[in-house]
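# Structure assessment
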Amino acid sequence: MNGRERLSLALKGKPTDRVPVAPFLYYNSIYEMFDYEPRIETFFNPPDFDPIEKFIEYCDFFGFDVLHTLGSVWDFWVANTIMDQSIAVSDENWDVHITDENKGEDELLRTVDIRTPGGDLRHIEKHTRTSKYLIVSATLEYLIKGKEDFEVLRRYAPPADRMDCQLIERARKAIGDKGLVDANTHGSFNILGLFRKLEDILTDPLIDPIFYQEMVDYFIPRLITRAKKMVEAGADVVEVAGHWTGHVGPKTFQKYILDNENRLVRAIKEFGVPVIYHNCGDAAKIMRFYNDLEIDCWGYLTPPPHADVIVEEALEVLHPSLTLRGNIDQITFMCQATPREVEEKVRDLLTLVKPRGNWILSTTDFFFDGTPYENIHAFAEAGRKYGQY
């Protein structure tokens, strides 16, 4: 059974020869292996290095089943917070002026000023090199500060799908039968966090539920339009980000988020692809509602101390037909453990979950720079050894 077959069956809740070994991977791991130092401006698609092809080589080196997360539209979303790049290009009644302030090679402050007939908008973000191989971003000023800003956005914003899906197309061509192209997007709640402060989107449903729902109703069709374009470009899976929902309580999730997420998930599945729901943070209080989400897989069951998911509790709460992915801590454990300890951790986890089935072995997010390769090898080898059904 090849990687494409194994992952496809696992995401459909069907039997496989073994548990797929497919950790969530990001650019920094690929750049580290090949000692490529990216620039801020071209981090997602450098002109002198091909992270799409090298992603396959990285997975081959460790023997992973390939879930190609770089086959996304990262240069459109600007991963790790940030802004929706569809607003950053001028269009009719949408005049964009971008001011960049560089502080050497390792920091960029970007101000996006937008002029429209209905008023002006501003977004400010900071891009910072946190290591030789990783650049992260943070929003300093959000576009939607109040209802007036949202009305301007809703009336004048450019089309939602004006994006280049070349990274997806290249991943689909490169991957062959080794795995699946896993295109990432935002959920109905997470998308609000690109445009509005987190503390605001957490309180909007409670303080002004009509305004909150108007924003969600505006963004869901845009997300659906984009997902369609990603699938047409070659995405085999769509991974929907829902990690900010971990900040809400069960009543808020059930009343204000669950149905909206299902509207999006249902529409994506109509394009013929499975959906992975990405919550790599706290989930213990809301994970029972994942039984009501029409998703195919939930990642990443992050355990303490970095989140609150106890895997034994998750197995009790979640329906066995839901494929699960994750639970190995890459923040502390994979960096500090010995290879023997990594093997034992994987062995114990797979011994616990194999009777249930429908599991994909993964870390709870991407590897940090400097994670010992001996530990990554131990992770992969233990997955193949103890994951046999």
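Quick caveat: nothing in here was measured; it's all calculated off a predicted structure.

### Considering the sheet that holds strand 10 (residues 323–328)
- The strand order across the open sheet built from seven strands is 1-6-7-8-9-10-11, with neighbouring strands paired in parallel fashion. Of all strands in the sheet, those with a lone pairing partner are strand 1 (66–68) and strand 11 (359–363), marking the two edges. Adjacent strand axes in the sheet meet at a mean angle of 25 degrees when their direction is disregarded.
- By the bridge criterion, three bridges tie strand 8 (residues 275–278) to strand 9 (residues 297–300) in an arrangement that is parallel. Residue pairing for strand 9: Tyr277 is matched across the bridge by Trp298.
- Strands in contact with helix 6 (residues 166–175) are strand 1 and strand 6 (179–186); relative to strand 6, the strand with the most contacts, it is inclined by about 160 degrees.

### Overview of the sheet that holds strand 3 (residues 107–116)
- Sheet architecture is open: four strands sit in the order 2-3-4-5, paired in antiparallel fashion. The sheet is open, and its two borders are formed by strand 2 (95–102) and strand 5 (135–141), each paired with just one other strand. Strand-to-strand, the axes of this sheet are offset by a mean angle of 20 degrees, without reference to chain direction.
- Bridging between strand 3 and strand 4 (residues 119–129) involves 10 bridges; their strand directions are antiparallel.

### Looking at the side chain of Asn262
- Checked against the element boundaries, Asn262 lands in helix 10 (residues 250–269).
- On the basis of relative accessible area, Asn262 is assigned to the buried category, the value being 6%.
- A distance of 2.9 Å separates the side chain of Asn262 from the backbone oxygen of Asp292, its partner in a polar contact.
- With near-sequence residues (within four places) excluded, Asn262 lies in contact with Asp292, Leu293 and Glu294.

### Focus: the nonpolar core
- Formed by 116 residues in total, the largest nonpolar core has its most connected members in Phe64, Leu153, Phe253, Tyr290 and Trp298.
- Among the elements that take part in this core, helix 9 (residues 209–233) stands out by supplying 12 residues, more than any other.
- Those residues in contact with Tyr290, other than ones at most four positions away along the chain, are Thr245, Phe253, Tyr277, Asn279, Ala283, Ile295, Trp298, Leu318 and Leu322.
- Grouped together as the second largest cluster of nonpolar side chains are 10 residues, Leu7, Ala22, Leu67 and Ile276 included.

### So, the state of the cysteines
- This structure, assessed with the given rule, holds zero disulfides.
- The thiol of Cys297 is unpaired, and the distance to the nearest cysteine sulfur, on Cys280, comes to 13 Å.
- Exposure remark for Cys297: the relative accessible area of 0% places this residue in the buried category.

### Digging into the packing of helix 9 against helix 10
- At a minimum axis distance of 9 Å, the contact between helix 9 and helix 10 shows a crossing angle of 15 degrees. Relative to helix 10, helix 9 is oriented roughly parallel. Helix 10 is crossed by helix 9, and the crossing has right-handed handedness. Here Pro209, Tyr212, Gln213, Val216, Asp217, Ile220, Leu223, Ile224 and Ala227 of helix 9 lie close against helix 10, whose contacting residues are Tyr256, Ile257, Asn260, Arg263, Leu264, Ala267 and Ile268.
- The residue makeup of the contact of helix 9 with helix 10, split by class, is 12 nonpolar, two polar and two charged.

### Side note on the pairing of strand 7 (residues 237–241)
- Extensive coverage of strand 7 is indicated by the burial of five of its five residues.
- Residues of strand 7 alternate between two faces, with Val237, Glu239 and Ala241 on one and Val238 and Val240 on the opposite face, all of them buried.
- Pairing of strand 6 with strand 7 involves five bridges; the strand directions are parallel. Paired with Asn184 across the two strands is Glu239, which belongs to strand 7.
- When strand 7 meets strand 8, the two strands line up parallel, connected through four bridges.

### Remarks on empty space enclosed by the protein
- Tallied over the entire structure, the rule returns one cavity of 30 Å³ or more.
- Every residue along the wall of the largest cavity is listed here: Ser29, Glu32, Tyr58, Phe367, Phe368, Thr371, Tyr373 and Ile376.
- Breaking the lining of the largest cavity down by element, the ones donating at least two residues are helix 2 (27–33) and helix 14 (373–386).
- Taken together, the residues of the lining of the largest cavity break down into five nonpolar, two polar and one charged.

### Some words on the pairing of strand 5
- Two strands pair when backbone bridges link them, and strand 4 and strand 5 are joined in this way by six bridges, in the antiparallel orientation. Among the inter-strand pairings, Lys126 is bridged to a residue of strand 5, identified as Ala138.
- Between the end of strand 4 and the start of strand 5, which pair antiparallel, lie five residues.

### Some words on the environment of Thr185
- Note that Thr185 resides in strand 6.
- Residues Thr185 and Arg384, spaced 199 residues apart in sequence, show a C-alpha to C-alpha distance of 30 Å.

Thresholds, definitions, all that
Residues numbered from 1 in each chain as written. Predicted model: local features only at pLDDT ≥ 70, side-chain atom pairs only at ≥ 80, totals over all residues. Heavy atoms only, no water. Pairing = 2+ DSSP bridges. Helix = DSSP H or I, 4+ residues; strand = E, 2+ residues; numbered from the N terminus. Axes fitted to C-alpha atoms, helices over the stretch in contact; angles between N-to-C directions. Contact = heavy atoms within 4.5 Å. Buried < 20%, exposed > 50% of the residue type's maximum accessible area, 1.4 Å probe, protein only. Polar contact = N/O pair within 3.5 Å; in protein donor to acceptor, adjacent residues only side chain to side chain. Core = buried A, V, L, I, M, F, W, Y, C linked by side-chain atoms within 4.5 Å. Disulfide = S-S within 2.5 Å. Parallel < 35°, antiparallel > 145°, perpendicular 65-115°, else oblique. Left-handed = near helix turned anticlockwise from the far one by under 90°. Nonpolar A, V, L, I, M, F, W, Y, C, P; charged D, E, K, R; others polar. 1 Å grid on protein atoms, 1.4 Å probe; cavity = no way out; pocket = protein on both sides within 12 Å on 5 of 7 lines; lining within 4 Å. Points joined across faces, edges and corners; volume = space filled by probe spheres on them.

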